Amino acid sequence: MPSWVPRIDTPRRALEQQTTGPLNGPSVVDLSFAALGVDGLFLEVSCSVAAWVSFYDSTAARVADAARPIEEDPPLSAGVLLDLRFSAETPLLKLAPGSSYSNGETPLQQRLWARLRTEVSGAHTASLGVLALVLNDSVGG
């Protein structure tokens, strides 16, 4: 009798969107994405407002990057996976092939962290979307 083998749904395309609650003036919001697996490729990122968005491989990398000015590149191996700047005229960015991500936590997690720094004055909400090609969902060894 053959044993049951679970279906593996990777590689697969996944779209995950996050929307903030009400914000007032330029704001900083930490987000996490749980539907993008452990490893993958960024395909598109969208943001509904003018903002600077950074993606990280761990919570420690996000904390360590908190004070970095937008004009400054992160140090090598700092865990910053992607830095993007959105304007009101450019709400969607298609990324170059090879824009990859991998979870850097120990133990591995199906999680990707982001920091959204909005540049809008006054009351607003922000939506951030990530379209990715998920290459690995497995956190087991």
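Residues numbered from 1 in each chain as written. Predicted model: local features only at pLDDT ≥ 70, side-chain atom pairs only at ≥ 80, totals over all residues. Heavy atoms only, no water.

S.K.: It is not clear to me how the nonpolar core should be interpreted in this structure. Could you clarify?
M.R.: Here is a general trend for soluble globular proteins: nonpolar side chains tend to be buried in one another's company. Counting 26 residues, the largest nonpolar core has Phe 33, Leu 36, Phe 42, Val 45, Cys 47, Phe 55 and Leu 128 as the members making the most contacts within it. Sorting the residues of this core by element identifies strand S3 (28-33), strand S4 (39-47), strand S5 (51-56), strand S6 (80-86), strand S9 (112-118) and strand S11 (127-136) as the ones contributing at least two each. Sort the elements by how many residues they give to this core and S11 lands first, with four residues. The residues touching Val 45, leaving out its near neighbours within four places in the chain, are Phe 55, Leu 82, Leu 84, Phe 86, Pro 91, Leu 92, Leu 93, Leu 95, Leu 128 and Gly 129. (Core = buried A, V, L, I, M, F, W, Y, C linked by side-chain atoms within 4.5 Å. Buried < 20%, exposed > 50% of the residue type's maximum accessible area, 1.4 Å probe, protein only. Helix = DSSP H or I, 4+ residues; strand = E, 2+ residues; numbered from the N terminus. Contact = heavy atoms within 4.5 Å.)

S.K.: What am I meant to see in the packing of aromatic side chains here?
M.R.: Aromatic rings in a pair are described by how distant their centres are and how their planes are angled relative to each other. One pass over the structure, following the stated rule, counts three aromatic pairs. Summarising the aromatic geometry, the rings of Phe 42 and Phe 55 are spaced 5.1 Å apart at their centres and angled 50° between planes, so their arrangement reads as tilted. Of this pair, Phe 42 sits in strand S4 while Phe 55 is found in strand S5, placing the two residues 13 residues apart along the sequence. The residues Phe 42 and Phe 55 share a single accessibility class, namely buried. Cluster of aromatic residues (ring-pair linked, three or more members): Phe 33, Phe 42, Phe 55 and Tyr 101. In this arrangement the basic side chain of Arg 117 is found over the ring face of Trp 52, its NZ or CZ atom lying 3.9 Å from the centre. (Phe/Tyr/Trp six-rings, centres within 6.5 Å; stacked < 30°, edge-to-face > 60°. Lys NZ or Arg CZ within 6 Å of the ring centre and 35° of its normal.)

S.K.: Is there a simple way to think about the side chain of Glu 16 in this case?
M.R.: Residue position: Glu 16 is located in strand S1 (residues 12-19). Although Glu 16 is buried, it makes no salt bridge; Arg 111 carries the closest opposite charge, 6.4 Å away. From its side chain, Glu 16 meets the backbone nitrogen of Ala 34 in a polar contact 3.1 Å long. Within the structure, Glu 16 has its side chain in polar contact with the backbone nitrogen of Ala 35 (distance 2.7 Å). Each residue touching Glu 16, except ones within four places of it in the same chain, is listed here: Ser 32, Phe 33, Ala 34, Ala 35, Leu 36, Leu 128, Gly 129 and Val 130. (Lys, Arg positive; Asp, Glu negative; His and termini not counted. Salt bridge = Lys/Arg side-chain N within 4 Å of Asp/Glu carboxyl O. Polar contact = N/O pair within 3.5 Å; in protein donor to acceptor, adjacent residues only side chain to side chain.)

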